[in-house]
Amino acid sequence: AASAQGMDERAALEARQEALLSAMLVDPQDLDTAFEHAAVSVRLDDYEAAVGTLERILVMAPESPAVLLELGVLYYRLGSFETARIYLQRAETAPGASPDVVEAARQFQAAIVTAEDPLKVSGIVTTGVRYQSNATAGPGERIVRLGGSLVLLSDTVIGKPDWNAFVAGNVHVSYDLGNQGDLLEADILFYGDRYLDTERLNSEMAEVTFGPSFNLARFDIDDARFGVYGIVGGVRLNGGNYSGTLGAGARLAIQPSSRSTVNAKIEYRHNWFRDSATYQTVSSRNGYEISGRLSQVLALDDTWSLRAAFLGGFENAKASFETNWHAGGALGAT
């Protein structure tokens, strides 16, 4: 229902835009019609049409602070930062410019400085406290049947509840190579926790992916990027090195429409595991893994969006009983 409503609203806006354009051709001096056409075009994300209309208005009102500001904002959205800066500076210094217009013009000029910086860094960090009813992932009873016989397990291996505190984060770094939108990108993932009682579960993990991504507009594929990257990762468990990873991957991101984004990636990882006094046989998992993921986010309207993901992979291990296939999927709404 939300999707149908959004489509009906867009169709109505497109019809209104067409009617306003016809009215403007009949009476080019009608500023009210021109302003409405620009506003409707912005709601349709048709920034080029809005720019064309506002520039015609500017011919008749060359020092209008509001028109100069809106043109600066539209050129900013189009990525034409130099042109945007010219209009924003004119809006800031235009006679009769209100304090709101001056402040907005300054904010967008500051945003242009940030956008033009080739180095971009963003990230998110999450921390919290968690309770698990079976933190050790062990059996619930001390007596189990193995090979037809009853065995009494020690207290160290049965399931136990515990609390832990954790921190997790993701940092994304990109550097504009100045070549038609090509970037050098890196992602840093990290996680660490500390348990209240079961110290052998204390863990730290970090993974870095890095490599170039290319703007596919050079091949007439708009709003799409293709990237290749290397993978380096490691896990520590109970105060010692547990596993390490080296690998490579490729990813594709494309926007089929203004409301839809599709991401796909495939990765190869070679994994090493280290035996220790606490974990004496984990080297049986040494081997490689091939995995893939396909996801899409679809915005139904300005409020609701849907997302879906499909993933799968194959893990080959030194011990045949550790070799496995896996697959999964997810659906959600925001």
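Above this note sits the structure.
Now for a quick tour of the structure.

Procedures and definitions
- Residues numbered from 1 in each chain as written.
- Predicted model: local features only at pLDDT ≥ 70, side-chain atom pairs only at ≥ 80, totals over all residues.
- Heavy atoms only, no water.
- Patch = residues over 30% accessible without salt bridge, like charges linked within 9 Å, V, L, I, M, F, W, Y side chains within 5 Å.
- Areas by Shrake-Rupley, 256 points an atom, 1.4 Å probe, with all protein chains shown as cover.
- Salt bridge = Lys/Arg side-chain N within 4 Å of Asp/Glu carboxyl O.
- Helix = DSSP H or I, 4+ residues; strand = E, 2+ residues; numbered from the N terminus.
- Buried < 20%, exposed > 50% of the residue type's maximum accessible area, 1.4 Å probe, protein only.
- Pairing = 2+ DSSP bridges.
- Axes fitted to C-alpha atoms, helices over the stretch in contact; angles between N-to-C directions.
- Phe/Tyr/Trp six-rings, centres within 6.5 Å; stacked < 30°, edge-to-face > 60°.
- Core = buried A, V, L, I, M, F, W, Y, C linked by side-chain atoms within 4.5 Å.
- Contact = heavy atoms within 4.5 Å.
- Lys, Arg positive; Asp, Glu negative; His and termini not counted.
- Parallel < 35°, antiparallel > 145°, perpendicular 65-115°, else oblique.
- Left-handed = near helix turned anticlockwise from the far one by under 90°.
- Nonpolar A, V, L, I, M, F, W, Y, C, P; charged D, E, K, R; others polar.
- Expected span 1.5 Å × (residues − 1).

Turning our attention to a nonpolar patch on the surface. Where nonpolar side chains cluster on the molecular surface, the patch consists of Ile188, Val208, Phe210, Val232, Leu246 and Trp272 and spans about 500 Å² of accessible area. Within the secondary structure layout, Trp272 lies in strand β9 (residues 260–273).

Before going further, it helps to spend a moment on the pattern of salt bridges. Where charged atoms of side chains with opposite charge meet at close range, the side chains can pair. Counting across every chain of the model gives 14 salt bridges. Measuring nitrogen to oxygen at the nearest pair gives 2.9 Å for the salt bridge that ties Glu36 to Arg16. Of the two residues, Glu36 is situated in helix α2 (residues 31–43) and Arg16 in helix α1 (residues 2–26); the sequence distance between them amounts to 20 residues. Classification of Glu36 as partly exposed rests on a relative accessible area of 31%. We classify Arg16 as partly exposed; its relative accessible area is 39%.

Another aspect to go through is the pairing of strand β3 (residues 149–152). Pairing of strand β2 (residues 143–146) with β3, which is carried by 4 bridges, proceeds in the antiparallel orientation. Paired with Arg145 across the bridge in β3 is Leu150.

With that settled, consider the pairing of strand β12 (residues 324–333). Bridge count between strand β11 (residues 305–317) and β12: 10 bridges; the pairing is antiparallel. Directly across from Ala309, in β12, lies its bridge partner Ala330. Counted between consecutive antiparallel strands, the loop separating β11 from β12 contains 6 residues.

A word on the sheet that holds strand β10 (residues 287–299). Pairing is antiparallel in the open sheet, where 10 strands are placed in the order β1-β4-β5-β6-β7-β8-β9-β10-β11-β12. In the strand order of this sheet, the two ends are held by β1 (119–132) and β12, each with one partner. With direction set aside, neighbouring strand axes in the sheet form an average angle of 15°. In the sheet, strand β7 (residues 224–237) pairs with strand β8 (residues 240–257) via 14 bridges, with the strands oriented antiparallel. Paired with Gly227 across the two strands is Arg251, which belongs to β8.

Taken as a whole, this structure holds 10 aromatic pairs when the rule is applied. Both rings, one in Phe314 and one in Trp325, keep their centres 4.6 Å apart while their planes meet at 45°; by these two values the pair is tilted. Separated by 11 residues along the polypeptide, Phe314 in strand β11 and Trp325 in strand β12 bring together distant segments of the chain. Chaining the aromatic ring pairs together yields one cluster made of Tyr268, Tyr288, Phe314 and Trp325.

Right, let's talk about the nonpolar core for a bit. Ranked by internal contacts, the top residues of the largest apolar core, which has 24 residues, are Leu54, Leu69 and Leu71. Contributing elements (two or more residues each) for this core: α2, α3 (47–60), α4 (65–77), α5 (81–93) and α6 (99–116). Ranked by the residues each element gives to this core, the list is headed by α4, at 7 residues. Apart from residues lying up to four places away in sequence, Leu54 is in contact with Phe35, Ala38, Val67, Glu70, Leu71 and Leu74. Grouped together as the second largest cluster of nonpolar side chains are 8 residues, Tyr195, Leu201, Leu237 and Val282 included.

One non-glycine residue with positive phi stands out, namely Ala137, at about 55°. Note on Ala137: relative accessible area 67%, which makes it exposed. Phi is positive for Asn238, which is not a glycine, with a value near 55°. Note on placement: Asn238 falls in the loop between β7 and β8. A relative accessible area of 32% places Asn238 in the partly exposed class.

Here the focus is the side chain of Glu289. Looking at the secondary structure, you find Glu289 in strand β10. Buried charge without a partner: Glu289 forms no salt bridge, and the closest opposite charge is Arg269, 5.2 Å away. In this view, Glu289 contacts Glu267, Tyr268, Arg269, Asn271, Phe314, Glu315 and His326; residues no more than four positions away in its chain are not counted.

The description of two packed helices rests on the angle between their axes and on the distance between the axes. Put simply, α5 and α6 touch, their axes get as near as 9 Å, and they point 155° apart. As the angle between them shows, α5 and α6 are arranged roughly antiparallel. Every pair of crossing elements has a handedness; the one defined by α5 and α6 is left-handed. For the pair α5 and α6, the contacting residues are Phe81, Glu82, Ala84, Arg85, Leu88, Gln89, Ala91 and Glu92 in the first and Val101, Val102, Ala105, Arg106, Phe108, Gln109, Ile112, Ala115 and Glu116 in the second. The class makeup of the residues in the contact of α5 with α6 is 10 nonpolar, 2 polar and 5 charged.

Before going further, it helps to examine α4. With 13 residues, α4 ought to run about 18 Å at 1.5 Å a step, and its terminal C-alpha atoms sit 18 Å apart, in line with that. If you check which residues of α4 are buried, you get Pro65, Val67, Leu68, Leu69, Leu71, Gly72, Val73, Leu74 and Tyr75. Looking at the buried positions of α4, the neighbouring elements they touch are α2, α3, α5 and α6. One or two steps after α4, the chain reaches Gly79, where phi turns positive at roughly 85°.

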